[in-house]
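# Chain and residue survey
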Amino acid sequence: MSRFALVGLILASVALNALAQILLRLGARAGAAAEPGPAGLLALAFQPSVLGGLACYAMSLLLWLYVLGRVEVSFAYPFLALGFVLVALAGWQWLGETMPPARMAGIGIILAGVLVLARS
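Residues numbered from 1 in each chain as written. Predicted model: local features only at pLDDT ≥ 70, side-chain atom pairs only at ≥ 80, totals over all residues. Heavy atoms only, no water.

### So, the overall build of the protein chain
Note the threshold: Each helix corresponds to a stretch of at least 4 residues labelled H or I by DSSP, and each strand to a stretch of at least 2 residues labelled E; elements are numbered beginning at the N terminus. Only protein chains enter the accessibility calculation, which uses a 1.4 Å probe; a residue is then buried when its area is under 20% of its type maximum, exposed when over 50%, and partly exposed in between. The contact rule is simple, with two residues in contact once any of their heavy atoms fall within 4.5 Å.
Scanning the protein chain from terminus to terminus reveals 6 helices and 0 strands. Residues classed as buried in the protein chain amount to 29% of the 120 residues present. Once local pairs closer than 6 in sequence are excluded, the contacts in the protein chain between residues at least 24 apart make up 71%.

### Looking at the environment of P36
Relative to the helices and strands, P36 is located in the loop between α1 (3-30) and α2 (38-45). Relative accessible area serves as the criterion here: at 76%, P36 is assigned to the exposed category.

### Looking at the packing of α1 against helix α5 (residues 82-94)
Counted only if it meets this: Note on definitions: angles span 0 to 180 degrees between N-to-C directions of axes, and those axes are lines fitted to C-alpha atoms, for helices only across the stretch in contact. Any angle that falls under 35 degrees is termed roughly parallel, while one over 145 is termed roughly antiparallel, one within 65 to 115 roughly perpendicular, and all others oblique. Here is the rule for handedness: rotate from the far helix to the near one, and if that takes an anticlockwise turn smaller than a right angle the crossing is left-handed, while a clockwise turn gives right-handed. Residue polarity is assigned by list, with Asp, Glu, Lys and Arg as charged and Ala, Val, Leu, Ile, Met, Phe, Trp, Tyr, Cys and Pro as nonpolar; anything else, Gly included, falls into the polar class.
Running from N to C, α1 and α5 cross one another at 40 degrees; their axes reach a closest spacing of 9 Å. By the angle between their axes, α1 is oblique relative to α5. Here α1 runs over α5; the crossing is right-handed. Of the residues in α5, those in contact with L11, V14, A15, A18, Q21 and I22 of α1 are L82, G83, L86, V87, A90, G91 and W94. Partitioned by chemical class, the residues of the contact of α1 with α5 number 10 nonpolar, 3 polar and no charged.

### Considerations on α5
Selection criterion: Helices are assigned an expected span. That span is 1.5 Å times one less than the residue count.
When the terminal C-alpha atoms of α5 are compared, their 18 Å separation across 13 residues agrees well with the 18 Å that a helix rising 1.5 Å per residue should span. Burial in α5 covers these residues: L82, G83, V85, A88, A90 and G91. Those residues of α5 that are buried lie in contact with α1 and α6 (101-119).

### Let's talk about the environment of I110
Its place among the elements puts I110 in helix α6. Residues I110 and L82 lie 28 residues apart in sequence; the distance between their C-alpha atoms is 7.3 Å. In this view, I110 contacts A81, F84 and V85; residues no more than four positions away in its chain are not counted.

### Overview of the confidence of the model for the protein chain
Rules: Summary of the metric used: pLDDT quantifies the predictor's per-residue confidence within the range 0 to 100.
On average, residues of the protein chain score 92 in pLDDT, and 100% of them are at 70 or above. The weakest mean pLDDT in the protein chain belongs to α2 at 83; the strongest belongs to helix α3 (residues 48-68) at 97.

### Points about the packing of α1 against α3
It is the contact of α1 with α3, at a shortest axis distance of 8 Å, that shows an interaxial angle of 160 degrees. The orientation of α1 with respect to α3, classified from their angle, is roughly antiparallel. Seen from above, α1 lies across α3 with left-handed handedness. In the contact of α1 with α3, the residues fall into 19 nonpolar, 8 polar and no charged.

Encoded structure:
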């Protein structure tokens, strides 16, 4: 498999992981009014977005395992930092979360770091 295709699989795994975080956040917000205790946790666990988030995690894990069997972990692992970028941007755009200048600067630094590592 070409390195380009493997990078695509790495990015797909990272994107699925980030989507899982967003779906879990949506489920947590929907279940925030659940009663405390085991019954509330069980109701929260079966929120559709929580189940979707868990499914995304599972798919991300399977892709990640496939990738790790084919590339050095020192090459693949830095791409996981892109998950921070994707989650912050999705939270800002889709969930109405804030994006202060310091967070924007941090995202820029992460992107620069991943670019440096990916090109090495």
